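Chain by chain, the residues run as shown.
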Amino acid sequence: GKPDGHTHATRMGDENDAVADEGDWYAALVAGEYVGDWLDTVRNAKIPPGRRTRAARQLAEKVAADRTYADEAREGDAADVCEAAARDVPEGDDDERLVAMREAFESCAAACRAAAQDGGARERAISFEGGREVVVREIALGVGVGAKVWRGGGMLGGGAAPP
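Residues numbered from 1 in each chain as written. Predicted model: local features only at pLDDT ≥ 70, side-chain atom pairs only at ≥ 80, totals over all residues. Heavy atoms only, no water.

Draft legend 1. Molecular detail of helix H2 (residues 49-65). Spanning 17 residues, H2 covers 24 Å between terminal C-alpha atoms, matching the ideal 24 Å at 1.5 Å per step. Every buried residue belonging to H2 is among Pro-49, Arg-52, Thr-53, Ala-55, Ala-56, Leu-59, Ala-60 and Val-63, and all of these are buried. Summarising the axial view, the buried residues of H2 lie within an arc of 160 degrees, below the 170-degree limit, and thus occupy one face. Facing away from the buried surface of H2 by more than 90 degrees, the exposed residues are Glu-61 and Ala-65. Considering only its buried residues, H2 is in contact with helix H1 (22-43), helix H3 (67-75), helix H4 (78-88) and helix H5 (96-117). (Helix = DSSP H or I, 4+ residues; strand = E, 2+ residues; numbered from the N terminus. Expected span 1.5 Å × (residues − 1). Buried < 20%, exposed > 50% of the residue type's maximum accessible area, 1.4 Å probe, protein only. Arc of directions from axis to C-beta. Contact = heavy atoms within 4.5 Å.)

Structure below.
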């Protein structure tokens, strides 16, 4: 049968509409700036531990709550950056600030890895006449087969352009 027009979608971790628009682009731009600033702070050992700890906690919080930030964190290799920063904190130091900073870096790395696992997954259920329903699991365009098609489209487009 044909669809009866009843669809519903749930996005895991985000409440955005199914169609990207200019607002999504601006949101990604802002998220990219924040993620970049937080990662610069996490990386810089000359910055006081309290500030680095706050940066890691803010990044972890945003990544867990907002798909756009999770995507930007993935692009910036945030999990690897945070893991490297945690390894650079001296072990065996009882300074509470350093212990808290190492734990914040480790938590941030875990949050970034967890957010990257679902790839922006979203489920869409389509109801058909006769009571049948199909559930489709969609992932972000930049993940899996979508990423390959997206990259291939760019290469084909470049090759097809007139000289």
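There's plenty left to go through after this.
Draft legend 2. Spatial organisation of the packing of aromatic side chains. Per the stated rule, a full pass over the model turns up three aromatic pairs. Both rings, one in Trp-25 and one in Tyr-26, keep their centres 5.1 Å apart while their planes meet at 75 degrees; by these two values the pair is edge-to-face. The class for Tyr-26 is partly exposed, based on a relative accessible area of 43%. Put simply, the rings of Tyr-34, Trp-38 and Tyr-69 pair up and form one aromatic cluster. (Phe/Tyr/Trp six-rings, centres within 6.5 Å; stacked < 30°, edge-to-face > 60°.)

Draft legend 3. Broad picture of a nonpolar patch on the surface. Side chains of Trp-25, Tyr-26 and Leu-29 sit close together on the surface and give an oily, nonpolar patch of about 350 Å² of accessible area. Note that Trp-25 resides in helix H1. (Patch = residues over 30% accessible without salt bridge, like charges linked within 9 Å, V, L, I, M, F, W, Y side chains within 5 Å. Areas by Shrake-Rupley, 256 points an atom, 1.4 Å probe, with all protein chains shown as cover. Salt bridge = Lys/Arg side-chain N within 4 Å of Asp/Glu carboxyl O.)

Draft legend 4. The confidence of the model for the chain, seen in detail. With 67% of its residues at a pLDDT of 70 or more, the chain has an overall mean of 79. Mean pLDDT values for the elements of the chain range from 45 in strand E1 (residues 3-11) up to 96 in H4. Counting contacts from residues 1-18, a segment whose pLDDT is below 50, to residues more than four positions away or on other chains yields 44 contacts. (pLDDT = per-residue confidence, 0-100.)

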